[in-house]
Amino acid sequence: MTIADNLKDIKSSFHNPTCLLIAVSKTKPIENLLEAYGAGVRDFGENKVQELQAKEPQLPKDIRWHMIGHLQRNKVKYIAPFIYLIHSVDSFKLLKEINKQGEKIDRKISVLLQIHIAEEESKFGFDISELEEMLDSEEFKKLSHVTVKGLMGMATLTSNQDQIRKEFKRLKALFEEIKNKELPDFVQLTELSMGMSSDYQVAQEEGSTMVRIGSSIFGARNYN
Ligand SMILES: *Cc1c(COP(=O)(O)O)cnc(C)c1O
């Protein structure tokens, strides 16, 4: 099976054909990304700043780069000029740093707020109370160089489909709830990033607008 074959199979199994497929290319060589590009993929997801920085200049300029992994504040400046969407904003401090770097280069940077929906302690993200506190704060309303496009979440790593569905349902409900809040103009909640190779169909059934798929396209990774 080639990368193009895998992409075709995945697309044809989509519950929602308008859902955006982000090809998660972390750890994979440039040739693999070019193969996916040749098959029509324009959205690529990476989880490390260093890898993004290395790959971006080597690939076509019409690629939209998605940062999906935990982002350290001191590294925001390296991706600020070219990143298309940062999915993994998991603290107000990080959001403020992205705003600051956007301001420096006069670019509005699009982000998603990562919400902690899994049972595992280890997953990053806002708790619901932290999220509401930030959204209600005066400091939040003053942000000028970010656009908040929606929410992202990762379900618990489990084979229990009911558990996964429950977590996605919770994220979708939160998404709908905050859409009804009175929020500044730079908050335009249209995107719900949920679903990976093992759970993208459930995620789409529960309202995902973008899925982040790696191993089903490129094959298993040796690390990460
Ligand atoms: C690696 C990764 C994915 C893709 O995982 P697969 O199981 O290979 O599809 C999706 N989202 C995030 C945040 C990741 O780090």
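Per chain, the residues get numbers from 1 upward, laid out in the order the sequence is written. Residue-level local features of this predicted model are given only where pLDDT is at least 70; pairs of side-chain atoms are given and counted only at 80 or more, and the full residue set underlies all totals for whole chains, interfaces and linings. By convention in this description, side-chain values take in all heavy atoms of the structure and omit both hydrogens and water.

Caption draft 1: Region of interest: the pairing of strand 7 (residues 187–193). By the bridge criterion, four bridges tie strand 6 (residues 146–153) to strand 7 in an arrangement that is parallel. Counted as the bridge partner of Leu151 is Leu192 from strand 7. Between any two strands, at least two bridges found by DSSP are needed for them to pair. The secondary structure listing takes helices from DSSP runs of H or I that are at least 4 residues long and strands from runs of E that are at least 2 residues long, numbered from the N terminus.

Caption draft 2: A look at the site of the ligand. A molecule or strand has a residue near it when one of that residue's heavy atoms lies within 4 Å. Taken together, Val24, Lys26, Ile68, Met154, Met196, Ser197, Arg212, Ile213, Gly214, Ser215 and Arg221 make up the full set of residues near the ligand. Contacts to the ligand include Lys26, whose side-chain N or O atom sits 2.7 Å from an oxygen atom. Whenever a nitrogen or oxygen atom comes within 3.5 Å of another N or O atom, the pair is scored as a polar contact, on the condition that within protein one atom can donate a hydrogen and the other can accept it, and that pairs from neighbouring residues in sequence are kept only if both atoms are in side chains. Separating an oxygen atom of the ligand from a backbone N or O atom of Gly214 is a distance of 2.8 Å. Under the convention used here, a 1.4 Å probe and the Shrake-Rupley method define accessible areas, while residue burial counts only the protein chains that appear. Burial of the ligand by the protein amounts to 91% of the accessible area it has alone, namely 390 Å².

Caption draft 3: Summary view of the packing of aromatic side chains. Working definition: rings of Phe, Tyr and Trp (its six-membered ring) pair if their centres are within 6.5 Å, and the pair is stacked with planes under 30 degrees apart, edge-to-face with planes over 60 apart, and tilted otherwise. Scanning all chains against the criterion turns up four aromatic pairs. With a centroid separation of 5.2 Å and 55° between ring planes, the pair formed by Phe140 and Phe186 is classed as tilted. One end of the pair, Phe140, is in helix 7 (residues 138–141); the other, Phe186, is in the loop between helix 8 (161–179) and strand 7, with 46 residues separating them in the sequence. Across the pair, Phe186 and Phe140 agree in class, each one buried. By way of ring pairs, the aromatic residues Phe92, Phe140 and Phe186 are connected into one cluster. Over the ring of Tyr84 we find Arg64, and its NZ or CZ is 5.7 Å from the ring centre. A ring has a charge above it when a Lys NZ or an Arg CZ is no more than 6 Å from the ring centre and no more than 35 degrees off the ring normal. In this structure, Lys96 packs its charged tip against the face of Phe92, placed 4.4 Å from the ring centre. For every residue, the accessible area (1.4 Å probe, protein chains only) is compared with the maximum for its type, and the residue is labelled buried under 20%, exposed over 50%, or partly exposed between those bounds.

Caption draft 4: Quick peek at helix 5 (residues 92–104). Multiplying 1.5 Å by the residue count of a helix minus one yields the expected span of that helix. With 13 residues, helix 5 extends 18 Å from end C-alpha to end C-alpha; this agrees with the ideal 18 Å at 1.5 Å per step. Of all the residues in helix 5, the buried ones are Phe92, Leu94, Leu95, Glu97, Ile98, Asn99, Gln101 and Gly102. The positive-phi residue at the C-terminal boundary of helix 5 is Asp106, with phi of around 55°.

Caption draft 5: Up close: the pattern of salt bridges. What counts as a salt bridge is simple: a side-chain nitrogen of Lys or Arg found within 4 Å of a carboxyl oxygen of Asp or Glu. Within this structure, the stated rule accounts for 14 salt bridges. Taking the shortest distance from any N to any O, the salt bridge between Glu205 and Arg165 comes out at 2.8 Å. One end of the pair, Glu205, is in helix 9 (residues 200–205); the other, Arg165, is in helix 8, with 40 residues separating them in the sequence. Taking the relative accessible area as the measure of exposure, Glu205 reaches 39% and is therefore partly exposed.

Just distances and angles here, no functional claims.
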